[in-house]
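Observations on chain architecture
One letter stands for each residue in the lines below.
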Amino acid sequence: MRTPVFLALLSLTAALQPSAPDPVEAPLRDLTWGQLNFLHTTDTHGWLAGHLQEPSYAADWGDYVSFTTRMREKADAQGSDLLVIDTGDRVEGNGLYDSSEPKGVYISDILRQQHIDLICSGNHELYQENTSLAEFFHTVPNFRGDYLASNIDIIHPTTKDRVPLAPRYKKFTTKNQGIRIVAFGFLFDFTKNYNNTIVQPVEDTIQEDWFQEAIRDKDVDLFLVIGHVPVHSPEYDAVFKKIRAIRWDTPIQFFGGHQHIRDFARYDSKAYGLASGRFLETVGFMSIDGLSTERQRIQPALTSPKFHRMYIDNNLFSFYHHTGLNNETFPTQHGQNVSQLIKESRSSLDLDQVYGCAPRDLWMSRVKYPGDESIYTWLEKQVLPQSLKDDSRRGKPTLAVVNTGAIRFDIFKGPFTRDTTYIVSPFTSGFRYLKDVPYDKAELVVEVLNKQPQIFSARNLPALERPVSWTLAPPEQSAYAEDMVAHMRHSDVQIQFSADQAPLSSSQSKPPLVPGYTTTDDGGADGDDTVHSPISFYRVPNCIQALISPDSSAIPDTVDLVYIDFIESYVALAAKYAGLDVDVSRQSEVYMPSTSLTSLILDWIKANWACDEE
């Protein structure tokens, strides 16, 4: 076990975002370099300006550009290789992406400033026609030859032909070590994509001739599987088993995402997978030693290659430490230019415009629900009752249902800005309703939704009615859907570090630990580069509900059952279990036209959260 070391407090040249906080001094662990090394991001969701209210994650994309450049230089100096990976969901979730018209105008140019060696699509790139077309016409060409789409096709808007979104796989040899790699790029079995794209199930894809030929290539030292796929998933399990059936001893490295967690999976002694969190909070580091190389080709590789992982907090303290540089020697001109581009883009979008001031922190999962500090309690007790009113149904009791996954981030005490609006709820989904539903049946619908996926198990439903591969709750909670045991084993939970971890030197001054990720995964409890105090995690239901009635003292006989339109397929299934004889897709109507949850929240904040003038 390596001893954590304190990074000396430096005079920092902070990220160029004017409101970004300086990182806070913290004890750090060192990286273990190998022959082949990786830096990995996933689920960045537009957070390329970094976290402007959280010091631990305040570096921006320009700082990351400098970091990858310096890490490549370090790899070259020691004769090893470094590859930079991104596994999708780069869109939706931050004002830098969502507030432009059309969406993503600025993000595309900022993103392509990074030299990414392998990149793939997430599900968010495919929800809307415009996002998938942006991938096809901009992101794929920007990373030509490095963008992989093993199981995604798109309908070409001009020819109307079905064509691959990008190449299915890639074979290449690394620069310094001469390691021969065959790489694939998958998306999980996603079914909510817009109809101009086709996502083929992974199990079907790996039966195809091209995949079978690729895994039978004998001149391969490493199979590299990137994807927007949880590293603990049926899809990756299927890929692993299919490769192993043909190549029983070739090392395999997986990179995943989608669940917004730090996670590490061991498939066997020569196959591992890494997921690197969300929202540019984490840069994942992976190293492999013992691979066959150009210089060692005549000799067999080590019997058991060594794999090491580390989750790097996205801040300048971590970046300086791992490169061995400081505020003067670390920044590159290119990285500084990218930071300036982000600053100018944010200014053009007026993302610092203040709409109100939050009087307290409101948390998604750091506090118990229900509770005064829960963002979901705030929604169901204040925002929904005061704002969810359709004039055409004036005076009608309403039972409002919102899935907790519609909220994507916490609210911090202080200014609530244009940027915050999209960070908290970036989606464009509106509301629909079923009129005059018996109240007891409406409540039962919510009860059923909160018992999913147990009730909606594939075993209980015909194939065409099986739910899609996402839960109603936030993505990170889907990692714990099976049971709390899996949750504690595979995710970012409040577990203290193991007792055999080397203590900090008693001769050093010990600042209080900053709350943050304390990850326990298949590799143990020493994967976070920064030693944090643990953050508590509390489960939340799939859905919350708010009864809105003119007569608050009486239970109504019937209600308008109002819900986010994105979850209509789930509501339809739940209605069947609740005994409602309705055809939801035909009988539902739009509620509060031109209103989304995002606009509803923003209007409430403007009306209720004034900023004190001092």
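Just so we're clear, the structure is a prediction, and the values are computed from it rather than from any experiment.

Looking only at helices and strands, the protein features 17 helices and 25 strands. For the protein, the proportion of contacts with a sequence separation of at least 24, taken over those separated by at least 6, is 78%. Carbon and sulfur atoms provide 49% of the accessible area of the protein, an area that totals close to 24700 Å².

Time to look at empty space enclosed by the protein. With the rule as written, the count across this model stands at five cavities of 30 Å³ or more. As a volume, the second largest cavity reaches approximately 90 Å³. As for the second largest cavity, its lining consists of 14 residues, of which Val 24, Ala 26, Ser 56, Asn 315 and Thr 530 are closest to the centre. Here the residues of the lining of the second largest cavity sort into eight nonpolar, five polar and one charged.

Attention shifts here to the environment of Ser 596. Its place among the elements puts Ser 596 in strand E25 (residues 589-596). Judged by relative accessible area, Ser 596 falls into the buried class, the value being 13%. With near-sequence residues (within four places) excluded, Ser 596 lies in contact with Phe 427, Thr 428, Ser 429, Gly 430 and Phe 431.

This part takes up the state of the cysteines. Evaluated as defined, the whole model comprises one disulfide. Between the sulfur of Cys 357 and that of Cys 611 lies a disulfide, 2.0 Å long from S to S. Handedness here is read from the sign of the S-S torsion; for Cys 357 and Cys 611, about 95°, the answer is right-handed. With Cys 357 in strand E17 (residues 354-358) and Cys 611 in the segment after helix H17 (597-608), this residue pair connects regions lying 254 residues apart in the sequence.

Moving on: the packing of helix H10 (residues 375-387) against H17. Packing of H10 against H17 leaves a shortest axis separation of 10 Å and a crossing angle of 90°. Between H10 and H17, the angle is such that the two are roughly perpendicular. Residues Trp 378, Leu 379, Gln 382, Val 383, Leu 384, Gln 386 and Ser 387 of H10 touch H17, and the partners they reach there are Leu 600, Ile 601, Trp 604, Ile 605 and Asn 608. Its residues placed into classes, the contact of H10 with H17 shows eight nonpolar, four polar and no charged.

Before going further, it helps to examine the sheet that holds strand E7 (residues 162-164). Strands sit in the order E7-E6-E10 across an open sheet of three strands; the sheet is antiparallel. Two strands in the sheet have a free side with no partner beyond their single neighbour: E7 and strand E10 (197-199). Ignoring strand direction, the axes of neighbouring strands in this sheet form an average angle of 30°. Judged from the three bridges that link them, strand E6 (residues 152-155) and E10 form a sheet pairing that is antiparallel. In the strand pairing of E10, Asp 153 is matched with Ile 198.

What follows covers unusual backbone geometry. Put simply, Glu 101 and Pro 102 share a cis peptide bond, and its omega is -5°. By the secondary structure assignment, Pro 102 is in the loop between helix H2 (95-98) and helix H3 (105-111). A positive phi angle, close to 55°, is found at Asp 350, a residue other than glycine. Examined against the element boundaries, Asp 350 turns out to sit in the loop between helix H9 (333-348) and E17.

Attention shifts here to the packing of helix H1 (residues 61-78) against H9. Where H1 contacts H9, the axes come no closer than 7 Å and their chain directions differ by 165°. By the angle between their axes, H1 is roughly antiparallel relative to H9. Of the two possible hands of crossing, H1 and H9 adopt the one that is right-handed. Between H1, through Trp 61, Gly 62, Asp 63, Val 65 and Ser 66, and H9, the contact on the second element is made entirely by His 334, Gly 335, Val 338, Ser 339 and Ile 342.

A word on the packing of aromatic side chains. Enumeration according to the criterion identifies 33 aromatic pairs in this entry. Centroid distance Tyr 433 to Tyr 591: 5.2 Å. Interplanar angle 70°. Geometry classified as edge-to-face. Here the residue Tyr 433 occupies a position in strand E20 (residues 430-438), and Tyr 591 occupies one in strand E25, the gap between them amounting to 158 residues. When sorted by exposure, Tyr 433 lands in the same class as Tyr 591, which is buried. Each member of the aromatic cluster is reached from another via a ring pair, and the members are Trp 47, Phe 279, Trp 363, Phe 409 and Phe 412. A cation sits over an aromatic face here: Lys 170 above Phe 172, 5.1 Å from the ring centre.

Here six strands make up an open sheet; going across it, the order is E8-E9-E11-E12-E14-E13 and the pairing mixed. Only two strands of the sheet have a single partner each, and these edge strands are strand E8 (169-173) and strand E13 (262-268). For this sheet, the mean inter-axis angle between neighbouring strands, taken without regard to orientation, is 15°. Direction of pairing for E8 relative to strand E9 (residues 180-187): antiparallel, over a ladder of five bridges. In the strand pairing of E9, Tyr 169 is matched with Phe 184. Packed onto the sheet, helix H7 (residues 234-246) meets E9, strand E11 (222-228), strand E12 (252-256), E13 and strand E14 (271-276) and runs at close to 165° relative to E12.

Structurally, Arg 70 can be placed in helix H1. Judged by its relative accessible area of 18%, Arg 70 falls in the buried class. Here the side chain of Arg 70 touches Glu 73 through a polar contact of 3.2 Å, side chain to side chain.

Now for the nonpolar core. A general trend in soluble globular proteins is that nonpolar side chains are found buried together. Residues Trp 61 and Phe 184 are the most contacted members of the largest nonpolar core, which totals 82 residues. Examining the composition of this core, we find that six residues originate from one element, H1, more than from any other. Apart from residues lying up to four places away in sequence, Trp 61 is in contact with Thr 41, Leu 48, Ile 110, Leu 111, Gln 114, Ile 116, Leu 280, Val 338 and Ile 342. The next biggest cluster of nonpolar side chains, apart from the first, holds 35 residues, and it includes Trp 378, Ile 544, Ile 601 and Trp 604.

For an α-helix, 3.6 residues make a turn, and residues three or four places apart therefore share a direction. The terminal C-alpha atoms of H1 lie 26 Å apart, and with 18 residues this matches the ideal 26 Å at 1.5 Å per residue to within 8%. Between the side-chain oxygen at the start of H1 and the backbone nitrogen of Gly 62 there is a gap of 2.9 Å, and the oxygen is on Asp 60. Just beyond H1, the residue with positive phi is Gly 79, at close to 80°.

Mapping Ile 567 onto the fold places it in the loop between strand E24 (558-564) and helix H15 (568-577). In this structure Ile 567 comes out as buried when scored by relative accessible area, which is 0%. In this structure the C-alpha to C-alpha distance between Ile 567 and Leu 449, which are 118 residues apart in sequence, comes to 9.9 Å.

With 13 residues, H7 should reach 18 Å at 1.5 Å per residue; the first-to-last C-alpha distance of 19 Å fits that figure. Taken as a whole, H7 has its buried residues at Glu 235, Tyr 236, Ala 238, Val 239, Phe 240, Ile 243 and Arg 244.

What counts, and at which threshold
- Residues numbered from 1 in each chain as written.
- Predicted model: local features only at pLDDT ≥ 70, side-chain atom pairs only at ≥ 80, totals over all residues.
- Heavy atoms only, no water.
- Helix = DSSP H or I, 4+ residues; strand = E, 2+ residues; numbered from the N terminus.
- Contact = heavy atoms within 4.5 Å.
- Areas by Shrake-Rupley, 256 points an atom, 1.4 Å probe, with all protein chains shown as cover.
- 1 Å grid on protein atoms, 1.4 Å probe; cavity = no way out; pocket = protein on both sides within 12 Å on 5 of 7 lines; lining within 4 Å.
- Points joined across faces, edges and corners; volume = space filled by probe spheres on them.
- Nonpolar A, V, L, I, M, F, W, Y, C, P; charged D, E, K, R; others polar.
- Buried < 20%, exposed > 50% of the residue type's maximum accessible area, 1.4 Å probe, protein only.
- Disulfide = S-S within 2.5 Å.
- Axes fitted to C-alpha atoms, helices over the stretch in contact; angles between N-to-C directions.
- Parallel < 35°, antiparallel > 145°, perpendicular 65-115°, else oblique.
- Pairing = 2+ DSSP bridges.
- Left-handed = near helix turned anticlockwise from the far one by under 90°.
- Phe/Tyr/Trp six-rings, centres within 6.5 Å; stacked < 30°, edge-to-face > 60°.
- Lys NZ or Arg CZ within 6 Å of the ring centre and 35° of its normal.
- Polar contact = N/O pair within 3.5 Å; in protein donor to acceptor, adjacent residues only side chain to side chain.
- Core = buried A, V, L, I, M, F, W, Y, C linked by side-chain atoms within 4.5 Å.
- Expected span 1.5 Å × (residues − 1).

Nothing here speaks to function; it is all geometry.
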